[in-house]
Amino acid sequence: MAAEASTGKGEAAPESEEEAGPFLGRYQARLCALQPGEESGRRTELHLLFDQLLSESSSPGAPSPGELRGEDVCQLLVQACKLVPLNQEHLVNKVCQLIHQMLNRFQVIVDEESLKYLLPYFISALKQCSSWTHVEILQALAASVYNNGPRCQKYLPALLGKDGLLIQLSSPAQTDTELRRASVHCLANLCLSIPGQPYLEEPYRELCFQAFLCVLQSSKASGVDDITLCMLLQNALKGLQSLLNGGKMKLMQPDQLGSVLAVLKKYMFHGLPGLNIEMPAILYPAVLSQYDSRSPAKQEKSELNSVKPTGTRRKKSKAKQKKGKLDEEAKEQEEDAEGAGAEESRLQGDMQQSPGPDVSNRTAKDPCVPFIKDHLSVHTLGWKRISSSDSEYSDVEGGMQSKTRSFQAKVRQGALTCFLSTVKSIEKKVLYGYWSAFIPDAPGIGSPQSVSLITIALKDPSPKTRACAFQVLSAILEGSKQFLCIAEDADDHRRAFTPFSVTIASSIRELHRCLLLALVAESSSQTLTQIIKCLANLVLNVPYSRLKTGLLTRVWNQIKPYIRHKDVNVRVSSLTLLGAIVSAQAPLPEVRLLLQQPSSSGLGDGGSSTPRHSGVPEWHRESPGQPLTTENAPSEPCWLLHLCISLVVLPREECCLDNDGACLTTTGFYEPSPVRLESLQVLVLLVKGYFSVAQSYLLELGQVACKCMEETDPAIQLHGAKLLDELGVGIIQQYKPDLADAPDQRVPFDLVVTFWTRMLNGPLPAALQNSQHPTLQTSTCNALSSILPEAFSGLPNDKQILCITVLLGLNHSENPLVKAAAARALGVYVVFPCLRQDVMFVADTANAILDSLHDSSPNVRAKAAWSLGNLTDTLIINMELMGQSFQDEFSDLLLLKMLRLATDASKDKDKVKSNAVRALGNLLHFLQPSHITDPRFLQPIEESIQALTSAVRSEATMKVRWNACYALGNVFKNHSLPLGEAPWTAQAYGALILVVQACKNFKVRIKSAAALSVPAERRCYGTPAQFSQIWSALVVALQRSEEAEDFLEFKYSASLRTQLCHTLVHLLSLAEEADLSAVRKSVTEHGEVIGSYLLQYMKSGAEDVGTSPPFSEPDKSLRRAIEHVRAIEEGAEGCPVKRGMVAYLQDILKTHHSSTGLTEA
């Protein structure tokens, strides 16, 4: 009967029980049957209904989150609030408790319509109800505004305004800690943001920031229990993290950042046994650590523990007992702690036998390295010494202590997570000012190490907290290469002071020592993964070439056993670390020696389920074809090569016991996909950085790539194609003429041909034509473009035709990635010596590239423009080698089309433009007299030169302007063009003159000066006025050659002056009588400056050529210029002033001869 009662005037009819579900339907019907009023019976019924709803919603039989519709829950709660007037405080308290419990229990986000009723209700309740109800009201408010910050804008003034309720309740004046905690919780939930939604306005963000900071800076009040304090701190840290996430709040002021870092460092150690951290209110950037707040007694005790010698059997036994105690405590706290005592003993034995220098061998004589007797002792860790003996306290006390420790660990985790957000929200150059506050330095003799992230990583009893510390450290190390690059300790520094470079080097060594110590001691798989990832970030950013060797050797030897770890994530991160080692500043001599160790010096057993073979591995024994017989090849592959290939291509071998206890080996599935992918990445990095080590196994690595491309997993296929690409690139690098590799150290040419023949007989063609996987097609296109040009001509004809046909076909692909890769590959093939003289292939390639130049994808157009530049380079090479015959065979219409499309491309984006102008310069150089006089070419020629001059003058990237200057130099080489007579001459010279004087990039200036020196005849420089303008501009450029906006440009200033002087001398050697007046004027005004730079030019030329000829090339150029000017002056009617130019030049030459000890012949 009650369910059929009216819902009241103006209210919508209630949903049926079937619509709301049986759980909510009953209560909705009962609530709707009640009317607001003061009757005691109704009040009693509401109490009973709320009690039942609280009980049933928290019972095990209650619906699970997701089973109830959020709008139904919200409607029920709003209806409940409507029935509770604010003067009935017990009901207000209970309905708020119900809202808090149901929203959290069923994980419901309150909808906007419900918020419009609930928020005013809570605000009014806080103003009108007694303070004893405020905690429940605030908890209901916090649950309602969770993830609803953008929808609460209307109510923010009442909550966060100058006299806002939450601001008042969270202030230090609030003596009720539980009330303050609940209000801070509301603030934290308001600060949560939803991607794509508006965020809190700046004034409100600042108010919340100050509120959180005030909570974190406040000292603990008397009478406040530890758990309540921990909950308050957690809420403040969560709110601060929400403000910092995604860069929504920038810590621009040093005091702001320093304040945040100070409180975060304080609470990173909150409740950590043996440490009592007192931090200043603000941390300031500093070179050295400024604060160490541990008491002297504790410091002394800690130091004694940290240097206690270990290594006897008895002490190892004690360590195992302590480890057992730790495991018991970890179980009590429900933390993941896996026993690792036996593994640690094995690791220590492996480390004692590992090659390379040992920290324990160093003494106090080296100030850069800490004096530590046993640098890898696992028994010095504070968190292993925490006792959990039941005899120390009663069951109740023990439970409370365990609970307190758990809450304190959550505070430390919250501080570290907030610090991680801080690291990501500020610039790295700002962050590294605080390096010494969070990263350890090697302690001095007799002094303790300052507290840092490593302190938490080594001493915190919670694996989750330790993992958080390593995450933060990893984030700090990521991208730190520019900061760490100053480190240096390759030489012993015996000075009165310690250079900053040595301090950073010492910090780097301490990081290696502590991370390896943590690696050996850790038992939690999740934390192990973070440690290894942190090591990988460290390895990628450290300048090992500037440090003493041995660091990488220790990392290398200690990571080996973890490849066999039972946890897949640990195995993957271990491979990532090995990849970092082989890619860090490759090639490093230390890593090369490690790679040359054979596989027999590799892994321990470690309970491995991964294949382990002795002698020649299976993948090596089964490889078809002739074995490699490189003279210097080891008898078996290096450990890393063996490991990665085995993980990729061999099934896992698992050992199971039969009834007699004998081990039966069974072959299972392959390694998990992440392990295989990471192994392939390591192989790629190994081939890229140390190809000389990998080249002895070229055919075997090719088989691995083929096997991967035959699989069905697209990721494995892609990595196989990438491996093939790197193998090809490694071969090409070896055959470059400018490299110092001796021919007998290269991969033999016949072997290269065999390698690519096998690849093309394998799955490569099928992968190229697999249109279902365009990414794979892209990767295999890149691999196909890495064929050694000389080896391509040695392939069978059908394979050559296959490669060309496939690439021309893929150039018409609808997928932009595939089309771009095909266009680039054609640009590589068109410069092959065996293909570039084939006019038909060049023409087909040109048409394909021009087609791609029209594509809508910028990436495709950029690759096509690069290939067009290569193709036009081929035209110039063929013109020089084959002469008129090639030019006659090449189609005029195709040439005209190329000229027009390249001109259009020069107006595209910079990535397209930079190569389009290069192509224009080559095309204009390639034109013959017949083309220049052809009416069809007249306008395209003029437009193309205007495009080049516009590119030179533009504000485009320096690469565009450099290429445009180079292109104009190419244009000037074509003697058939009417340079000096055509209207565009002044535009071209004007652009170069502007750049040579004023461009901020000196490399562009050098190239423009070089272009001005290209014309070989005086007529090409135009009128005397034009010649005078060029000369004057070069003199001005010479005077400005030491003025640079960017300090990095100074290293090019000497080259710029040399090129300018060369161009001036070249102009003098072509000058006519009418030109000399301008030359004499500039010499009169700036003769001393010009003369000094010319002397430097002469001297640099003499030094470049050494002692071979008696006169250097600059010397000969100046002599020719002198003879030319003398001939002009002698032929002129005369005034003695005109003969002063020769005397000036001869004085420069004599001065040069006298300074170099030469005499004029």
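Residues numbered from 1 in each chain as written. Predicted model: local features only at pLDDT ≥ 70, side-chain atom pairs only at ≥ 80, totals over all residues. Heavy atoms only, no water.

### Describing the overall build of the protein chain
Here comes step 1: Scanning the protein chain for helices and strands turns up 54 helices and two strands.
Here comes step 2: By residue count, 54% of the 1161 residues in the protein chain fall in the buried class.
Here comes step 3: Considering only contacts within the protein chain whose residues lie at least 6 apart along the sequence, 74% involve residues at least 24 apart.
Here comes step 4: As displayed, the protein chain has an accessible area near 50600 Å², and 52% of this comes from carbon and sulfur atoms. (Helix = DSSP H or I, 4+ residues; strand = E, 2+ residues; numbered from the N terminus. Buried < 20%, exposed > 50% of the residue type's maximum accessible area, 1.4 Å probe, protein only. Contact = heavy atoms within 4.5 Å. Areas by Shrake-Rupley, 256 points an atom, 1.4 Å probe, with all protein chains shown as cover.)

### Thoughts on the nonpolar core
Here comes step 1: Counting residues in hydrophobic clusters, the biggest one holds 357 residues, and the most contacted among them are Leu640 and Tyr829.
Here comes step 2: Those residues within four positions of Leu640 in sequence are excluded, and the remaining contacts are Trp556, Leu578, Val582, Leu595 and Val682. (Core = buried A, V, L, I, M, F, W, Y, C linked by side-chain atoms within 4.5 Å.)

### Details of the environment of Leu34
Here comes step 1: Of note, Leu34 is situated in the loop between α1 (17-33) and α2 (40-58).
Here comes step 2: Sequence spacing of Leu34 and Gln79 is 45 residues, and the spatial spacing of their C-alpha atoms is 9.9 Å.
Here comes step 3: In this structure, Leu34 is in contact with Arg42, Glu45, Leu46 and Leu83, ignoring residues within four places of it in sequence.

### Examining unusual backbone geometry
Here comes step 1: The omega torsion across Ala586 and Pro587 is -5°, close enough to zero to call that bond cis.
Here comes step 2: By secondary structure assignment, the location of Pro587 is in the loop between α25 (568-583) and α26 (589-595).
Here comes step 3: In the Ramachandran plot, Gln107 falls in the positive-phi region, its phi being about 50° despite a non-glycine side chain.
Here comes step 4: Along the chain, Gln107 falls in the loop between α4 (89-105) and α5 (112-128).
Here comes step 5: The exposure class of Gln107 is exposed, given its relative accessible area of 63%.

### Regarding the side chain of Asp1075
Here comes step 1: The residue Asp1075 is located in the loop between α51 (1053-1070) and α52 (1076-1105) in this model.
Here comes step 2: Ignoring anything within four residues of it in the chain, the contact list for Asp1075 reads Arg1018, Pro1024 and Phe1027.

### Thoughts on the environment of Val675
Here comes step 1: Relative to the elements of secondary structure, Val675 occurs in helix α29 (residues 673-689).
Here comes step 2: Along the primary structure Val675 and Val570 are separated by 105 residues, whereas in three dimensions their C-alpha atoms are 9.7 Å apart.
Here comes step 3: Filtering out sequence-adjacent residues up to four positions away, Val675 remains in contact with Val568, Arg571, Val572, Leu575 and Leu647.

### Overview of the packing of helix α44 (residues 910-926) against helix α46 (residues 935-953)
Here comes step 1: Viewed as axis vectors pointing N to C, α44 and α46 meet at an angle of 140°, and their least axial separation amounts to 10 Å. When the axis of α44 is compared with that of α46, the two are oblique. By crossing handedness, the relation of α44 to α46 is classed as left-handed. Residue-level contacts link Val917, Leu920 and Leu924 of α44 to Ile941, Ser944, Ile945, Ala947, Leu948 and Ala951 of α46.
Here comes step 2: Taken together, the residues of the contact of α44 with α46 sort by class into eight nonpolar, one polar and no charged. (Axes fitted to C-alpha atoms, helices over the stretch in contact; angles between N-to-C directions. Parallel < 35°, antiparallel > 145°, perpendicular 65-115°, else oblique. Left-handed = near helix turned anticlockwise from the far one by under 90°. Nonpolar A, V, L, I, M, F, W, Y, C, P; charged D, E, K, R; others polar.)

### Observations concerning the pattern of salt bridges
Here comes step 1: Per the counting criterion, the structure on display carries 26 salt bridges.
Here comes step 2: With a closest N to O distance of 3.3 Å, Glu726 and Lys722 form a salt bridge. Residue Glu726 and its partner Lys722 are located together in helix α32 (residues 714-734), separated by four residues, close to a single helical turn.
Here comes step 3: Owing to a relative accessible area of 8%, Glu726 belongs among the buried residues under this scheme.
Here comes step 4: Residues participating in the shared-partner salt-bridge network are Arg69, Glu71 and Asp72. (Salt bridge = Lys/Arg side-chain N within 4 Å of Asp/Glu carboxyl O.)

### Quick look at the packing of aromatic side chains
Each aromatic ring pair is described using two quantities: the centre-to-centre distance and the angle formed by the ring planes.
Here comes step 1: Within the structure shown, the criterion is met by 19 aromatic pairs.
Here comes step 2: Both rings, one in Tyr117 and one in Tyr121, keep their centres 6.2 Å apart while their planes meet at 20°; by these two values the pair is stacked. Within this pair, Tyr117 and its partner Tyr121 are both found in helix α5, separated by four residues, close to a single helical turn.
Here comes step 3: Given a relative accessible area of 7%, Tyr121 falls into the buried group.
Here comes step 4: On the basis of an interplanar angle of 70° and a centroid distance of 5.4 Å, the ring pair of Trp556 and Trp639 is categorised as edge-to-face. Within this pair, whereas Trp556 is found in helix α24 (residues 551-559), its partner Trp639 is found in helix α28 (residues 639-649), the two being separated by 83 residues in sequence. For the pair Trp556 and Trp639, one class covers both residues: buried.
Here comes step 5: Three or more aromatic residues joined by ring pairs form one cluster here, namely Tyr432, Trp435, Phe483 and Phe500. (Phe/Tyr/Trp six-rings, centres within 6.5 Å; stacked < 30°, edge-to-face > 60°.)

### Observations regarding the packing of helix α20 (residues 463-477) against helix α22 (residues 500-521)
Working note: a packed helix pair is described by the angle between its axes plus the distance between those axes.
Here comes step 1: Closest axis-to-axis distance for the α20/α22 pair is 13 Å, and the angle between their directions is 150°. Relative to α22, the element α20 lies roughly antiparallel. Remark: the crossing between α20 and α22 carries left-handed chirality. Residues Phe470, Leu473 and Leu477 of α20 pack against Leu511, Leu515 and Ala518 of α22.
Here comes step 2: The class makeup of the residues in the contact of α20 with α22 is six nonpolar, no polar and no charged.

### Digging into the side chain of Gln800
Here comes step 1: The topology assignment puts Gln800 in helix α37 (residues 797-810).
Here comes step 2: Ignoring any residue separated from it by four or fewer positions in sequence, one finds Gln800 in contact with Phe792, Ser793 and Leu795.

### What about the confidence of the model for the protein chain?
Detailed reading of predicted coordinates is not advised where the pLDDT is low.
Here comes step 1: Residue-level pLDDT values for the protein chain average 81, and 79% of them are 70 or greater.
Here comes step 2: Confidence drops under pLDDT 50 across residues 1102-1112; counting only partners more than four residues distant or on other chains, this segment forms ten contacts. (pLDDT = per-residue confidence, 0-100.)

### Some remarks on helix α31 (residues 698-710)
Here comes step 1: Between the first and last C-alpha of α31 there are 19 Å, a value that for 13 residues agrees with the 18 Å anticipated at 1.5 Å per step.
Here comes step 2: Along α31, the residues that are buried comprise Leu698, Leu699, Glu700, Leu701, Gly702, Val704, Ala705, Cys706, Cys708 and Met709. (Expected span 1.5 Å × (residues − 1).)

### Things to note about a nonpolar patch on the surface
Here comes step 1: On the surface, Phe1047, Leu1048 and Phe1050 cluster together to form a nonpolar patch covering roughly 350 Å² of accessible area.
Here comes step 2: Examined against the element boundaries, Leu1048 turns out to sit in the loop between α50 (1024-1039) and α51.
Here comes step 3: With relative accessibility at 55%, the residue Leu1048 sits in the exposed group. (Patch = residues over 30% accessible without salt bridge, like charges linked within 9 Å, V, L, I, M, F, W, Y side chains within 5 Å.)

### Regarding α50
Here comes step 1: Taking 1.5 Å of rise per residue, the 16 residues of α50 would be expected to cover 22 Å, and the 23 Å separating its terminal C-alpha atoms lies within 8% of that figure.
Here comes step 2: When we look at burial in α50, the residues that qualify are Gln1026, Phe1027, Ile1030, Trp1031, Ala1033, Leu1034, Val1035, Ala1037 and Leu1038.

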